[in-house]
Amino acid sequence: MHNPEVPETLEGWSVLHHMYRVHWATLRSLSLQAKQDLAREFSASTAAENGASSCVHLLGHKADLMLVHFRKSFEELSQTQLAIQQTRLSEYLEMTTSYVSIVELGMYEMTAKIHQQLAGRSLKQGSEEFDRAFDEEMNQQKNRVMGRLFPEIPARRHVCFYPMNKRRGESKNWYSVPFERRGEMMLEHGIVGRHYAGRVTQIISGSIGFDDWEWGVDLFADEPLVFKKLIYEMRFDEASAVYAEFGPFYIGLQFSPNNLLTFLEGRTPDL
Amino acid sequence: MHNPEVPETLEGWSVLHHMYRVHWATLRSLSLQAKQDLAREFSASTAAENGASSCVHLLGHKADLMLVHFRKSFEELSQTQLAIQQTRLSEYLEMTTSYVSIVELGMYEMTAKIHQQLAGRSLKQGSEEFDRAFDEEMNQQKNRVMGRLFPEIPARRHVCFYPMNKRRGESKNWYSVPFERRGEMMLEHGIVGRHYAGRVTQIISGSIGFDDWEWGVDLFADEPLVFKKLIYEMRFDEASAVYAEFGPFYIGLQFSPNNLLTFLEGRTPDL
Amino acid sequence: MHNPEVPETLEGWSVLHHMYRVHWATLRSLSLQAKQDLAREFSASTAAENGASSCVHLLGHKADLMLVHFRKSFEELSQTQLAIQQTRLSEYLEMTTSYVSIVELGMYEMTAKIHQQLAGRSLKQGSEEFDRAFDEEMNQQKNRVMGRLFPEIPARRHVCFYPMNKRRGESKNWYSVPFERRGEMMLEHGIVGRHYAGRVTQIISGSIGFDDWEWGVDLFADEPLVFKKLIYEMRFDEASAVYAEFGPFYIGLQFSPNNLLTFLEGRTPDL
Amino acid sequence: MHNPEVPETLEGWSVLHHMYRVHWATLRSLSLQAKQDLAREFSASTAAENGASSCVHLLGHKADLMLVHFRKSFEELSQTQLAIQQTRLSEYLEMTTSYVSIVELGMYEMTAKIHQQLAGRSLKQGSEEFDRAFDEEMNQQKNRVMGRLFPEIPARRHVCFYPMNKRRGESKNWYSVPFERRGEMMLEHGIVGRHYAGRVTQIISGSIGFDDWEWGVDLFADEPLVFKKLIYEMRFDEASAVYAEFGPFYIGLQFSPNNLLTFLEGRTPDL
Amino acid sequence: MHNPEVPETLEGWSVLHHMYRVHWATLRSLSLQAKQDLAREFSASTAAENGASSCVHLLGHKADLMLVHFRKSFEELSQTQLAIQQTRLSEYLEMTTSYVSIVELGMYEMTAKIHQQLAGRSLKQGSEEFDRAFDEEMNQQKNRVMGRLFPEIPARRHVCFYPMNKRRGESKNWYSVPFERRGEMMLEHGIVGRHYAGRVTQIISGSIGFDDWEWGVDLFADEPLVFKKLIYEMRFDEASAVYAEFGPFYIGLQFSPNNLLTFLEGRTPDL
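Here the structure is a predicted model, which is why all the values come from computation and not from measurement. (Residues numbered from 1 in each chain as written. Chains lettered and ligands numbered in written order. Predicted model: local features only at pLDDT ≥ 70, side-chain atom pairs only at ≥ 80, totals over all residues. Heavy atoms only, no water.)

1. Regarding the overall build of chain A
Cut-off, in case you're wondering: Comment: elements are numbered from the N terminus, with helices defined as DSSP H or I runs of at least four residues and strands as E runs of at least two. The contact criterion used throughout is that any non-hydrogen atoms of two residues lie within 4.5 Å. Note on areas: Shrake-Rupley, 1.4 Å probe, and residue coverage restricted to the protein chains presented here. Asp and Glu count as negative and Lys and Arg as positive, but His and the ends of the chain are not part of the count. Every charge is mapped to an atom, namely NZ of Lys, CZ of Arg, CG of Asp or CD of Glu.
Tallying secondary structure elements over chain A gives 10 helices and 9 strands in all. Principal-axis analysis of the C-alpha atoms gives chain A an extent of 75 × 35 × 35 Å. A separation threshold of at least 6 residues defines the contact pool for chain A, and within that pool the share at least 24 residues apart is 77%. As displayed, chain A offers around 10,500 Å² of accessible surface, 48% of which is attributable to carbon and sulfur atoms. Charged side chains of chain A number 29 positive and 36 negative; the gap between the two group centres comes to 5 Å.

Dropping the structure here:
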């Protein structure tokens, strides 16, 4: 049964963020050849038939290296995690934090539109016909947005990752706001985002039931300043100002797994 | 004396969740034979005359391995915990967190019904006759739901565990809401859950007096996406939207203790 | 001067809870004889002319062993703490947390009664005669409740310890509620507790100025389920529902210091 | 310019609290002679031309040893901190926490009085004459209270240290309350404190801009029970009940740096 | 499009704060010559063509050494971080925390003025002409304040660093306050700051999207007492009293990287 208060969501890649601190003191003592072997074995451990893994050099103390894994299922994420932990490089890495989620498109507008259409076709909410017609529509939607559910990892230099919640405060509670009002706020929120189209690529993933916040946000851009401008401007729209809660922020420079050796040698690797 | 504001509860298994980080770097250097010996001794330490223990490979940094123990008493949980700590494998494990609870069925509907029935029989609340009749009814209930108080651990691939509270905020306080209103909210909450019957198996355990949250929730499903769908939909019902507080979430893949060796070798074991 | 808003308290034992994680991996390699020596020296270090020390095997990751020390003064607690830290067993123990407090009886009813009596004798609050008469009454009380101020550690199998505060929220603030209203709530709270008399033994200690919460609560029972039932029922009375804040919970099985060797061998020791 | 909403403050000693955990297991293996050498070198490192350092044996797990340093400036605190870290004893110590502050006298009454006096002399707030006259008055005050700005460390057995804030909640906000009303509350707060004069010696230090709370409070007394009585009674006055937020509490027994060797041998040293 | 609710900001240096604990016990055993080599290599690793790095000896346990790096881009911050981690001295350092930000000038007054001017020229908000004219004005501003966007690190002895947020509470929410009202509060806030001009040099950096708080604040002064006076006085203006949230405070003594050897020898180095 389709609950009219609950916006439909479409899901794509299973996602795992791994953040690692590097034990530079012991790594530094290895020869170039040894590092090359470590890098090669490590890159192989992250190879995937479907999906991809990307590397990010993080600024600050939270971690040195963030890996972002896109896979077809949690089974494959489990295999990747275990494979990485069996590499020799992992002896020089300490996983400090992580994030488990699934790429998600929230469909406020679409949910409302389908409900309207089906009401127009005189289908009654809660009836079997309604639900069947609803699912058909959603499947069509899913085909149309396949590229956004299973995107490539954007090849842009800077990456910003943070988890977030919708507030469930005692007087301001997102989950007690009527569907229509929430839809309006998400629309306004989306309009701000669209001003930054081209300059920022955004991938939202849902983590309810998987991790300690409700969503994960990955932003990719050529220039990091645009992250600050975008998130600051959004902070004034109602959906964020009143209802958003933000977790820790991770900021860094993306680089190709092929350039891992450069990183292990202590130099900033190319994208 | 039966306090009419307090819903009755029925209790079953004593439950202990153990979460462990694996020291892969040192474990990896062992021979297959040595790992086999570790796995055999470890599995033996979790064997139980009554009850069972299950293994879960967790995604992310919180832990690698979650053990879920169902036992007849805290005495047996104590024995199991100490037995595991004496195994040789435990030298390669670091317990990062845990959860102590008892399988619990909350009986809002039943409590209300018995109170009504006994009032119909002209028994006065607080009288000895009332209490004796009440206890008799509850004992009959207990026999009827024995299978739900002492369930087997569901043999489904994905496991989601999280602790939760009912909010005791300054203006929204579950424990200040009248019994009847709480009962209505729990009923609505249950209806959402029933839409997922078949796709998700749920085991609730109570932890007031035992651990830092009020309840622990274990969900079992073939597909992990259903966890997100279920918990997201529930987040809009009043009992959750307004009154639920959630602790950390643990997500992973269940596997048989018989397949522990595969896990120790760094590959995802079968269910 | 006796402030009529402040309930009088009577104090007894100085109390120190020590929670330790055991380093089983290294301990396990010792011979039975060596463990016996460790156990004997350790037990001797906790011996006290006045007061007592008890051992609890805790379930879960917070700690393996909780020691509860009752002593005549903080001087003696200091001596005990230092003596334990000089034992050889302490090399295998890591203190993960602790709690400092003094056994306390809160006297809402008594304070009110004495104020009334003295008013009846036409003594004026704040006068020297009033204060002298007040102190006399309190001293008589103290003699009457000596056994509750300096109790033995109850010889029951299960122990539950947790710290708690009275809430000082922006709208719900215990310390802004008038004395009389607080007294009524404490009375109601006490009535719930009395239903469990016989099944649970409770020792309250005050920790304002000594530790991070305002009170510590130790509960002792033969069956652990009664902890959950008692605390859950209390959660619905106003003093708890609206004004109580709870810290972490510690649950375990009490055993005699004479049985420490069994514990060190990795088996659940007898009470 | 003197802002009439801001109470003037007078400042004295620069203060540094250092809390250390002792590594007893390794320390214990040293000979008496070796410990004597460590103690002598350590005591020398804390010697100061101006000011003093004191030792406290803390109860519980937070730390074993608290050093309280009073110095003329942050330069001298820096020198002391570095000198201690170069001693051989510091290899057996782990600094677990600390607190940076400056002895402070808050002058609500005095500020109000001077404002009144100057208004009586027809000096206009914000004028240069007003400010000059104000500074003159404050300098005279400073001379009068020199002994309280640069006190000796009180030679009393028990020490209680905790940091605190004035609340800045959404509805209860100390910094939004008018000056006069704050002054009244501080007066009432002071009266409670004066009932304990003689039994407790209190040193307040300000830490805004220096550490994570706004003030540090050091209490010294012969009997520790008086800390609990004093802080509990104060908790009912409006300044504390509604506006105080408390950090962690540290409680212990003061001893002379000359008795450090006794402490290193694992026995409670004399004051 | 220029959102009239969002104040414009101008940005300068990319900033990275690194806080390190020093492992004095092992460092102390090195010869003077060895320390000199470590210091020289370390200082070289922080050299920058553009920008600068400064050293601060922190008081207390949070860290011993804070490095403040000003660079042209996150690329250069990445290079600096990796270069430092490859030095031999870094084996004796443990990064305990850090902060990532960009020097920022918030332009409430300027934003309002430009909006007014352009309205005076009959340019319509949201039109292309408006946006072009707006950007032109901002570029002129940027040229005027270049020195404040790319300042030198002030050569003053004492440094105070802390991160902060504007509150987004349920009833007090900075981001829901109209632009004009926010502008008034920032003006008042600035006036307090100007009373301290000369005595304190302040550098604000923005960290939305980069780190866990919204802004970082670095204060530099000859005397540390002025930090306490300034921040305390500001705490009473509405922008701070009602809307500011403060993170941890770091306080210490600045010294030249040329004097690093003195610090490594355990003595307070000169500015």
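2. Quick word on the relation of the copies chain A and chain B
To go from the first copy of the chain to the second, apply a rotation about an axis and then a shift along the same axis. Under the convention used in this document: We place the copies in one frame by least squares, fitting the C-alpha atoms of every residue whose pLDDT is at least 70 in both.
You can overlay chain A on chain B at an RMSD of 0.0 Å; the transform is a turn of 72° with a shift of 0.0 Å along its axis. Given the turn and translation reported, the copies of this chain are related as if by a five-fold rotation axis. Interface overlap between copies: only 4% of the residues of chain A at the interface are likewise at the interface in chain B, consistent with a contact formed by different surfaces.

3. Some remarks on the relation of the copies chain E and chain D
For the pair chain E and chain D, the relating rotation is 72°, the translation along its axis is 0.0 Å, and the fit reaches an RMSD of 0.0 Å. Of the residues that chain E buries at the interface, just 5% are likewise interface residues in chain D, meaning the two copies contact each other through different surfaces.

4. Description of the confidence of the model for chain A
Threshold: pLDDT is defined as a per-residue confidence score from the predictor, taking values between 0 and 100.
Across chain A, the average pLDDT comes to 95, with 100% of residues at or above 70. Predicted complex, confidence summary: ipTM 0.96, pTM 0.97.

5. Structural notes on the side chain of Gln254 of chain D
Residues and elements named next belong to chain D. To keep it simple, the criterion reads: Categorising residues by exposure relies on relative accessible area from a 1.4 Å probe, with only protein chains included: less than 20% of the type maximum marks a residue as buried, more than 50% marks it as exposed, and the intermediate range marks it as partly exposed. Polar contacts here mean pairs of N or O atoms no more than 3.5 Å apart (in protein, one a potential hydrogen donor and the other a potential acceptor; neighbouring residues in sequence count only if both atoms are side-chain atoms).
With respect to the element layout, Gln254 can be found in strand S9 (residues 250-255). With relative accessibility at 5%, the residue Gln254 sits in the buried group. There is a polar contact of 3.0 Å between the side chain of Gln254 and the backbone oxygen of Pro154. A polar side-chain atom of Gln254 sits 2.7 Å from the main-chain carbonyl oxygen of Arg156. The residues touching Gln254, leaving out its near neighbours within four places in the chain, are Ser54, Cys55, Val56, Ile153, Pro154, Ala155, Arg156, Arg157, Val159, Phe220 and Leu271.

6. Notes on the arrangement of the chains
One thing to see here is that chain A and chain C don't touch, and their nearest C-alpha atoms sit 12 Å from each other. With respect to C-alpha atoms, chain A approaches chain D no nearer than 12 Å, and the pair has no contact.

7. Focus on the state of the cysteines
Selection rule: In this description, a disulfide is simply a cysteine sulfur pair whose atoms lie within 2.5 Å.
Scanning the entire structure with this criterion turns up 0 disulfides over all chains. Left unpaired, Cys55 of chain B is separated from the closest cysteine sulfur, that of Cys160 of chain B, by 18 Å.

8. Considerations on the interface of chain E and chain D
Quick note on the threshold: Each of two parts loses accessible area, computed with a 1.4 Å probe, when they are put together; buried area is these two losses added. Counted as salt bridges are all cases of a side-chain nitrogen of Lys or Arg within 4 Å of a carboxyl oxygen of Asp or Glu.
Of the residues lining the interface, 44 residues belong to chain E; the matching set on chain D comes to 46 residues. At the boundary of chain E with chain D, total buried surface from both sides reaches about 3,800 Å², with 56% on carbon and sulfur atoms. If you sort the residues of chain E by the area they bury against chain D, Lys228, Tyr232 and Phe236 of chain E come out on top, with a joint share of 19%. Inspection of the region where chain E meets chain D yields 8 salt bridges. The residue Lys229 of chain E makes a salt bridge to Glu11 of chain D at a minimum N-O spacing of 3.3 Å. Joining chain E to chain D, the criterion identifies 29 residue pairs in polar contact (both at pLDDT 80 or more). Going through the elements one at a time, helix H1 (24-27), strand S2 (52-58), strand S5 (158-166), helix H8 (225-234), helix H9 (238-241), strand S8 (244-246) and strand S9 (250-255) of chain E are the ones with two or more residues in the side of chain E that touches chain D. It is H8 of chain E that contributes the most residues to the side of chain E that touches chain D, 7 residues altogether.

9. Some details on the packing of helix H4 (residues 108-120) of chain B against helix H7 (residues 179-194) of chain B
All names here are of chain B. Quick note on the threshold: All axes here are fitted lines through C-alpha atoms, helices being fitted over the stretch that makes contact, and every angle between N-to-C directions spans 0 to 180 degrees. An angle below 35 degrees is read as roughly parallel, one above 145 as roughly antiparallel, one from 65 to 115 as roughly perpendicular, and any other as oblique. A crossing counts as left-handed when the near helix is turned anticlockwise from the far one by less than a right angle, and as right-handed when that turn is clockwise. Nonpolar residues are Ala, Val, Leu, Ile, Met, Phe, Trp, Tyr, Cys and Pro. Charged residues are Asp, Glu, Lys and Arg, and all others, Gly as well, are polar.
Contact geometry for H4 and H7: axes closest at 9 Å, N-to-C directions at 135°. Accordingly, the angle class assigned to the pair H4 and H7 is oblique. In this structure, the crossing between H4 and H7 has a hand that is left-handed. Residues Tyr108, Glu109, Thr111 and Ala112 of H4 form the contact with H7, whose participating residues are Phe179, Arg182, Gly183, Met186 and Leu187. Among the residues forming the contact of H4 with H7, the class breakdown is 5 nonpolar, 2 polar and 2 charged.

10. Regarding the interface of chain A and chain B
Contacts between chain A and chain B engage 46 residues on the former and 44 residues on the latter. Carbon and sulfur atoms make up 56% of the area that chain A and chain B hide from each other, which totals about 3,800 Å². At the boundary of chain A and chain B, one finds 8 salt bridges. Counting the contacts that link chain A with chain B gives 29 residue pairs in polar contact (both at pLDDT 80 or more). Top contributing element to the side of chain A that touches chain B by residue count: helix H3 (residues 74-85) of chain A, with 9 residues.

11. Some remarks on unusual backbone geometry
Positive phi, normally seen in glycine, also occurs at Ser122 of chain B, with a value near 65°. Take Ser122 of chain B: it is sitting in the loop between H4 and helix H5 (128-144).

12. Brief notes about helix H2 (residues 32-45) of chain B
Short version of the rule: One less than the number of residues in a helix, times 1.5 Å, gives the span that helix is expected to have.
With 14 residues, H2 of chain B extends 20 Å from end C-alpha to end C-alpha; this agrees with the ideal 20 Å at 1.5 Å per step. Where H2 of chain B is buried, its residues touch helix H1 (24-27), strand S3 (65-71), helix H3 (74-85), strand S4 (93-106) and helix H10 (260-264) of chain B.

13. Here we look at the pattern of salt bridges
In this structure the tally under the stated criterion is 80 salt bridges over all chains. A salt bridge links Glu91 of chain D to Arg28 of chain E, with the shortest nitrogen-to-oxygen separation between them at 2.5 Å. A residue pair is termed interchain when its members come from two chains, as with Glu91 of chain D in the loop between helix H3 (74-85) and strand S4 (93-106) and Arg28 of chain E in the loop between H1 and helix H2 (32-45). A single network of salt bridges, built from pairs that share partners, joins Glu11 and Glu104 of chain A together with Lys228 and Lys229 of chain B.

14. Focus on the side chain of Thr97 of chain A
With respect to the helices and strands, Thr97 of chain A occurs in strand S4 (residues 93-107). Relative accessible area serves as the criterion here: at 15%, Thr97 of chain A is assigned to the buried category. Residues within four places of Thr97 of chain A in sequence aside, it is in contact with His17, His18, Met19 and Tyr250 of chain A together with His61 of chain B.

15. Section: the packing of aromatic side chains
Selection rule: Aromatic pairing here means that ring centres of Phe, Tyr or Trp (its six-membered ring) are within 6.5 Å. Orientation follows from the plane angle: under 30 degrees is stacked, over 60 is edge-to-face, and everything else is tilted. As a reminder, the over-ring test applies to NZ of lysine and CZ of arginine, requiring each to be within 6 Å of the ring centre and within 35 degrees of the ring normal.
Tallied over the entire structure, the rule returns 88 aromatic pairs over all chains. Relative to Trp215 of chain E, the ring of Tyr232 of chain A lies with its centre 6.2 Å away and its plane at 85°, an arrangement referred to as edge-to-face. With Tyr232 of chain A in helix H8 (residues 225-234) and Trp215 of chain E in strand S7 (residues 215-221), the pair connects residues from two separate chains. Each member of the pair, Tyr232 of chain A together with Trp215 of chain E, is buried. Taking 6.5 Å as the distance between ring centres and 80° as the angle between the ring planes, the aromatic pair formed by Tyr108 of chain C and Trp174 of chain C counts as edge-to-face. Here Tyr108 of chain C, found in helix H4 (residues 108-120), pairs with Trp174 of chain C, found in the loop between strand S5 (158-166) and helix H7 (179-194); they are 66 residues apart in sequence, far enough to count as distant. Here Tyr108 of chain C matches Trp174 of chain C in class, with each residue buried. Members of the aromatic cluster, connected to one another through ring pairs, are Tyr108, Trp174, Phe179 and Tyr243 of chain A. One Lys or Arg, Lys166 of chain A, reaches over the ring of Trp174 of chain A and ends 4.5 Å from the middle of that ring. Against the face of Tyr250 of chain D rests Lys62 of chain D, its NZ or CZ located 5.3 Å from the ring centre.

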